[in-house]
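Observations on the model geometry
Here's the letter readout for the chains.
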Amino acid sequence: MSKLWQNVRFSLRMLGKNPGFTAVAVLTLALGIGANTAIFSVVYGALLAPLPMPHPEQLVMVWSDDAGRNVVSPGDFSDWKQQNSVFQKMVAWDEATFSLSIDGHPQTLQARVMSPGFFDMQGIPLSKGRDFVDEEGDPGKEHVVILTNRLWRERFGSDVAILGRKVRLNAETYVVVGVLAAGMPDRYEAQLFVPMALRPDQITHERHWMTVMGRLKPGVTLQQANADMNNVARRVAETYPVSNKGWGVKVEPLKNDFTSRDTIKDLWLLMGAVGFVLLSACVNVANLLLVRGTVRKKEAVLRVSLGATRGQLFAQFISESLALALIGGALGVALAGMLLRVIVVLLPEFSIPTEADIRLNVPVLLFSMAATIMAGVLCGCAPAWQTSQWNLNDTLKEGGRSGGASRHGLRRGLVIAEFALALTLLAGAGLLIHSFWKLTRVDLGFRQEHVLTVGAGSRQVLLLVLKEGMLLALSGLVLGLGGTYFVGHAMRSVLYQVSAIDFASVGAVAVVLLVAAILACYLPARRATRIDPMAALRCE
Amino acid sequence: MMSPNNNVLIKMEGVKKVFLTDEVETHALEEIHLEIHKGQYVSISGPSGCGKSTLLSILGLLDSPSEGNYLLNGQPVANLTSSERTRIRNREIGFIFQAFNLIGDLTVYENVELPLTYRGTSSAERKQKVEHALQRVGMAHRVRHYPSQLSGGQQQRVAVARALVGDPLILMADEPTGNLDSKNGEAVMDLLRDLHRNGATICMVTHDERYSHFAERTIRLFDGRIVEETKEAGVAI
């Protein structure tokens, strides 16, 4: 423990002594971790988080199955309710539009017409009043309404005496019997709810228009539910062969049942993209640490000569990169909080499930911590490994000067990796942009920045530097093209009139990256050629 | 009373060191036969490039011989793993370098503490040993200072304290006065002599004839070979 504390103390001291380096590294990691945390918040909220209801595993959607899922006829719903043996309760609803008039000011609102017990079945709490009772599902007794908390606040001024208040909906009088608790229901498209009351002549098997949800009895599996409901469907089809012959039932988990495959795929693609951003940030910081590690070569070798094992030295380097990552992580989480606000505003309405609670929560922060630790370890591995390649005797004698092909090899490898990651990432973005361009016929421009740094020399060396830089860039290009192939195929479903390997997009990105690489080699090399060699040697 | 053989701390037989650079062989050491007894103060001298630092590096397990046997405290070290060599360096050898080699970002206290930290010594024991070592070199009043706040002589004293703190079997000093002026150089040499008088075994590399005579035994190297060995009052053996 005391060793760990010593490492941490030393790491923080080192970071404090190099504020420029620390700021660049921390910001780089903060951007990577922040982007990952923000996007993971969306992925977690939309796809991974359990539904915010009690026993969410019991909640299922029940669809008519006619070679594909279909909405349900009132007759089927009625028979299913009576004949099944696997559900605690089953409810149906339909979307509707109501005109709400308050003090003579009408407003059109999305509403849901639903069978009584909808909220109780799901376990969605009300802040005031109650759910609809069974008799309110009878014609003539259905003029009652439940409001979302948002509507109650915004249109009724949080009226504490709302229960029993009469409101005008579609020019008819309804009595408010409940207000939902604030939270998830406020994200529903529907803002008010009225009971579904069907006359006997409306309960037919011909027209399918209801959406049905149910809560399974405890212990009933999805397989058992499907088997039972298909038995019910067969019996109903025997009774009503004209309307029901060939129709089955499909019972599916409620979770993500309304999220399209494309949305799910897009979210994971986005997660992959920001993962690449973090990886790229790690490679950048690892490169910075490698350069700094060279400056600290003598210190590292001295530690080994005094008895530090490779493991202890490794721990020292990792603790330094972890300290960087932890600061970057904390900053990244703050950044993610801000990004999330923007994302929530920018997300098209109802593009993700209403149950999705997009915010920074414990699982998201755990993910963020894992990403931070991974980033810290990734960044620290390269410089830690570098130390194991140094010769103790030579280094102690030479006074810590740099050298060694293996170190350069490692840095070259990292530069190639950066280039490949950037190309893969930008090519993916290029495909989407090209696809969007085709879709909208709007000429979109895009820019990207990517800077690589290499050493310097005379005019002849300038060509050498360019040649070396291009070799690294082209190596990265080849690897990046491989990555682009996989990214393109993964994105195929979201592309419009653009093939997975779109030469225009990939070519444009590759050219931009190559130009950036040429400039990144040329500019520092040209600047260095202006340095007086004798002055440089005197400084040495 | 201990027999002479039990008193041998370092024994080298036929040690050679060959460096290979771009397929060119450089023979840094040739047929080195050497014994250093516990409690001895040995000086290795010779002209620049004669192999004295290479010899000290091998003696200090910073490098390995190309050929020959080397026994440290009776234990052959040729086939030790890297971690075993590290452990021996930490526990049995104390290094004093020409350039002091203190870590600039650690305080005096932390620099001296370093070998004990790697050994896994408890915090309380570390504190007691570090304070004792700094008192021995007269630097106890500078524990919170950083190396850059000290003179060269003071830095070398701290380096000596770091070498002493783990109670090593032998102190290896590579040109300990090389970066010091004559006054500070002599102060450091006085310090090493005091340590030797109190029982420390010291092996020092120096090219400065004035300081080689501080040792009780002087070994002269030339072109990688021991060409002369004198003991105490300049008697060639």
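Residues numbered from 1 in each chain as written. Chains lettered and ligands numbered in written order. Predicted model: local features only at pLDDT ≥ 70, side-chain atom pairs only at ≥ 80, totals over all residues. Heavy atoms only, no water.

Some remarks on the side chain of N7 of chain A
Residue and element names in this part refer to chain A. Within the element layout of this structure, N7 appears in helix α1 (residues 2-17). The class for N7 is buried, based on a relative accessible area of 16%. The contact partners of N7, leaving out residues within four places of it in the chain, are A315, Q316 and S319. (Helix = DSSP H or I, 4+ residues; strand = E, 2+ residues; numbered from the N terminus. Buried < 20%, exposed > 50% of the residue type's maximum accessible area, 1.4 Å probe, protein only. Contact = heavy atoms within 4.5 Å.)

Looking at the packing of helix α3 (residues 108-119) of chain B against helix α5 (residues 152-164) of chain B
Residues and elements named next belong to chain B. As a packed pair, α3 and α5 sit with axes 7 Å apart at the nearest point and diverge in direction by 30°. Between α3 and α5, the crossing angle belongs to the class labelled roughly parallel. The crossing of α3 and α5 is right-handed. For the pair α3 and α5, contact is made by V108, N111, V112 and P115 and by V158, A161 and R162, respectively. Class assignment for the residues of the contact of α3 with α5 results in five nonpolar, one polar and one charged. (Axes fitted to C-alpha atoms, helices over the stretch in contact; angles between N-to-C directions. Parallel < 35°, antiparallel > 145°, perpendicular 65-115°, else oblique. Left-handed = near helix turned anticlockwise from the far one by under 90°. Nonpolar A, V, L, I, M, F, W, Y, C, P; charged D, E, K, R; others polar.)

A closer look at the interface of chain A and chain B
A common way to report how large an interface is uses the accessible area buried once the components associate. Each side of the interface is counted separately: chain A has 24 residues, and chain B has 28 residues. The junction of chain A with chain B conceals about 2,200 Å² of combined surface from both sides, 53% of it contributed by carbon and sulfur atoms. Across the chain A-chain B interface, the total number found is three salt bridges. The salt bridge involving R9 of chain A is made with E110 of chain B; its shortest N-O contact spans 3.4 Å. At the junction of chain A and chain B, the tally comes to ten residue pairs in polar contact (both at pLDDT 80 or more). Listed by contribution, the elements that provide at least two residues to the side of chain A that touches chain B are α1, α9 (297-305), α10 (310-346) and α12 (392-398) of chain A. No other element matches α1 of chain A, which puts eight residues into the side of chain A that touches chain B. Of the residues belonging to the side of chain A that touches chain B, the class tally is eight nonpolar, seven polar and nine charged. (Buried area = accessible area lost by both parts, 1.4 Å probe. Salt bridge = Lys/Arg side-chain N within 4 Å of Asp/Glu carboxyl O. Polar contact = N/O pair within 3.5 Å; in protein donor to acceptor, adjacent residues only side chain to side chain.)

Some thoughts on the sheet that holds strand β1 (residues 8-21) of chain B
Residue and element names in this part refer to chain B. Read across the sheet, four strands follow the order β2-β1-β4-β5 without closing on themselves; strand pairing throughout is antiparallel. Pairing within the sheet leaves two strands with one partner each, and these edge strands are β2 (24-37) and β5 (75-76). When β1 meets β2, the two strands line up antiparallel, connected through ten bridges. In the sheet register, T21 faces β2, and the bridge partner there is V24. Helix α1 (residues 52-59) contacts β1, β2 and β4 (67-72) of the sheet and is inclined by roughly 120° relative to β1. (Pairing = 2+ DSSP bridges.)

Remarks on the pattern of salt bridges
All names here are of chain A. By the definition in use, this model includes 27 salt bridges over all chains. Here R153 ties to D186 by a salt bridge, and the two come within 3.6 Å at their closest N and O atoms. In this pair, R153 is assigned in helix α5 (residues 149-156) and D186 in the loop between β8 (172-180) and β9 (192-195), connecting sequence segments 33 residues apart. Residue R153 is classed as partly exposed on the basis of its relative accessible area of 36%.

Here we look at unusual backbone geometry
Residue and element names in this part refer to chain B. For N73, which is not glycine, the phi torsion reads 55° and is therefore positive. Structurally, N73 is set in the loop between β4 and β5. Here the phi dihedral of N101 falls at roughly 55°; this positive angle occurs in a residue that is not glycine. Looking at the element boundaries, N101 is found in the loop between β6 (93-96) and α3. What makes N101 buried here is its relative accessible area of 6%.

Topic: the confidence of the model for chain B
Close inspection of predicted coordinates is inappropriate for parts of the model with low pLDDT. Scored by pLDDT, chain B has a mean of 88; 95% of the residues are at 70 or more. Model confidence for the complex: the whole-complex pTM is 0.69, and ipTM, which rates the interface, is 0.86. (pLDDT = per-residue confidence, 0-100.)

Quick word on the packing of aromatic side chains
Residue and element names in this part refer to chain A. By the definition in use, this model includes nine aromatic pairs over all chains. Here F98 and Y174 contribute two aromatic rings whose centre-to-centre distance is 6.2 Å and whose plane-to-plane angle is 90°, an arrangement assigned as edge-to-face. In this pair, F98 sits in strand β3 (residues 87-102) while Y174 sits in strand β8, placing the two residues 76 residues apart along the sequence. Y174 matches F98 in its accessibility class, with the two residues each being buried. (Phe/Tyr/Trp six-rings, centres within 6.5 Å; stacked < 30°, edge-to-face > 60°.)

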